[in-house]
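# Summary of structural features
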Amino acid sequence: GNPEEPSRPKSRYPRVPHHELDPKAAELLAQKYHVTGQSIRDAGIRWSGDGNHYLGRRVCLPIFGPDSQERGTCYRSYEGAIPKAIIELRSPEDICSCWYKWQRVSKVLVIVEDQPSAIRLAPHCHSLALLGTHLSDVKAQEIINAGYEKVIISLDNDATFEAIKLQLKYRRKIKGLLVSGL
């Protein structure tokens, strides 16, 4: 390579091959989250395969940026494995949150904790999964850059206090920021 260009480590992303979604996992997504066939296909949800490796028997949820380009994968266990979620990003610069912009245009963004909740909203409006309850300044900047008229934070019931804290912290920076129960 060019000696003036900084060397970048070769990406090992993704570390495991992704397979068609396991039928039991698809059934669980349908029952628990109301995420079914077309939404599973649109979201690119796959399966890590049966194996004893640390990513084995996990649902693979691609992580998308605001440009709808894949920037990582969340490997989620619904069978009690610890940790329940392993997140791998393509590069250290990528932001750990997942956007779903299935509608061409949306004046509203709904922010939720997890990807299945965001996928369930995606046919109706743009949605953002925080992949937890933390809204960092870099995640907030992505939201600001998108220019929504209304941004609704809708975290799970056990995180209502956290949602209110986020609204208070970012209400002057993010236009139309509201809190709603999910």
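Predicted, not measured: the structure shown is a model, and the values here were computed from it.

Every buried residue of helix H1 (residues 23-33) is accounted for by Ala25, Leu29 and Tyr33. Across the axial projection of H1, the buried residues extend over an arc of 45 degrees, all falling on one side. Exposed and facing more than 90 degrees away from the buried side of H1 are Pro23, Lys24 and Gln31. Buried residues along H1 sit against helix H2 (37-43), strand S1 (46-47), strand S2 (59-64), strand S3 (70-76) and helix H3 (115-121). The opening residue of H1 is aspartate 22, an N-cap whose side-chain oxygen sits 3.1 Å from the backbone nitrogen of lysine 24. Just downstream of H1 lies histidine 34, where phi reads positive at about 60 degrees.

Under the defined criterion, the tally for this structure stands at five salt bridges. Notably, a salt bridge pairs glutamate 79 with arginine 57, separated by 2.7 Å at the nearest N-O pair. Of this pair, glutamate 79 sits in the loop between S3 and strand S4 (85-89) while arginine 57 sits in the loop between S1 and S2, and the two are 22 residues apart along the sequence. Overall, glutamate 79 belongs to the partly exposed group, its relative accessible area being 49%. Between aspartate 137 and lysine 169 there is a salt bridge, with its nearest N and O atoms 4.0 Å apart. With aspartate 137 in helix H4 (residues 137-146) and lysine 169 in helix H5 (residues 160-170), this residue pair connects regions lying 32 residues apart in the sequence. Bridged by salt links that share partners, the residues Asp50, Arg57 and Glu79 form one connected network.

Residues Ile164, Leu168 and Val179 make up a contiguous nonpolar surface patch of about 230 Å² in total accessible area. Along the chain, valine 179 turns up in strand S9 (residues 177-179). A relative accessible area of 35% means that valine 179 is categorised as partly exposed.

This part takes up the nonpolar core. Within the largest apolar cluster, 25 residues are counted, with the highest numbers of intra-cluster contacts made by Leu21, Leu29, Val35, Ile45, Val59, Tyr100 and Ile119. Listing elements by their share of this core, those giving two or more residues are H1, H2, S2, strand S5 (98-100), strand S6 (108-112) and H3. Top contributing element to this core by residue count: S2, with four residues. If sequence neighbours within four positions are ignored, valine 35 has contacts with Ala26, Leu29, Ala30, Ile40, Ile45, Pro116, Ile119 and Arg120. Formed by 18 residues, the second largest nonpolar core is a distinct cluster that contains Leu109, Ile111, Tyr148 and Ile153.

Turning to the packing of aromatic side chains, a few remarks are in order. By convention here, two paired aromatic rings are described through the distance between centres and the angle between planes. Enumeration over the complete set of coordinates arrives at four aromatic pairs. Note on tyrosine 33 and tyrosine 78: the rings are 6.1 Å apart at their centroids and 65 degrees apart in plane angle, and the pair reads as edge-to-face. With tyrosine 33 in helix H1 and tyrosine 78 in the loop between S3 and S4, the pair connects residues that are 45 residues apart, well separated along the chain. Residue tyrosine 33 shares its accessibility class with tyrosine 78, and that shared class is buried. Consider the rings of tyrosine 100 and tryptophan 102, whose centres lie 6.0 Å apart with planes at 85 degrees: the pair is edge-to-face. Residue classification places tyrosine 100 among the buried positions, given a relative accessible area of 1%. Its relative accessible area of 28% is what places tryptophan 102 among the partly exposed residues. An aromatic cluster of at least three residues, connected via ring pairs, comprises Phe64, Tyr100 and Trp102.

Along the polypeptide, glutamine 31 turns up in helix H1. C-alpha of glutamine 31 to C-alpha of proline 123: the two residues are 92 residues apart in sequence and 18 Å apart in space.

The subject of this paragraph is the pairing of S4. Burial along S4 is one-sided: the face carrying Ile86 and Glu88 is buried and the face carrying Ala85, Ile87 and Leu89 is not. Both S3 and S4 contribute to a ladder of five bridges, which runs antiparallel. Its bridge partner lying in S4, arginine 76 is registered against alanine 85.

Reading guide: rules and limits
- Residues numbered from 1 in each chain as written.
- Predicted model: local features only at pLDDT ≥ 70, side-chain atom pairs only at ≥ 80, totals over all residues.
- Heavy atoms only, no water.
- Buried < 20%, exposed > 50% of the residue type's maximum accessible area, 1.4 Å probe, protein only.
- Helix = DSSP H or I, 4+ residues; strand = E, 2+ residues; numbered from the N terminus.
- Arc of directions from axis to C-beta.
- Contact = heavy atoms within 4.5 Å.
- Polar contact = N/O pair within 3.5 Å; in protein donor to acceptor, adjacent residues only side chain to side chain.
- Salt bridge = Lys/Arg side-chain N within 4 Å of Asp/Glu carboxyl O.
- Patch = residues over 30% accessible without salt bridge, like charges linked within 9 Å, V, L, I, M, F, W, Y side chains within 5 Å.
- Areas by Shrake-Rupley, 256 points an atom, 1.4 Å probe, with all protein chains shown as cover.
- Core = buried A, V, L, I, M, F, W, Y, C linked by side-chain atoms within 4.5 Å.
- Phe/Tyr/Trp six-rings, centres within 6.5 Å; stacked < 30°, edge-to-face > 60°.
- Pairing = 2+ DSSP bridges.

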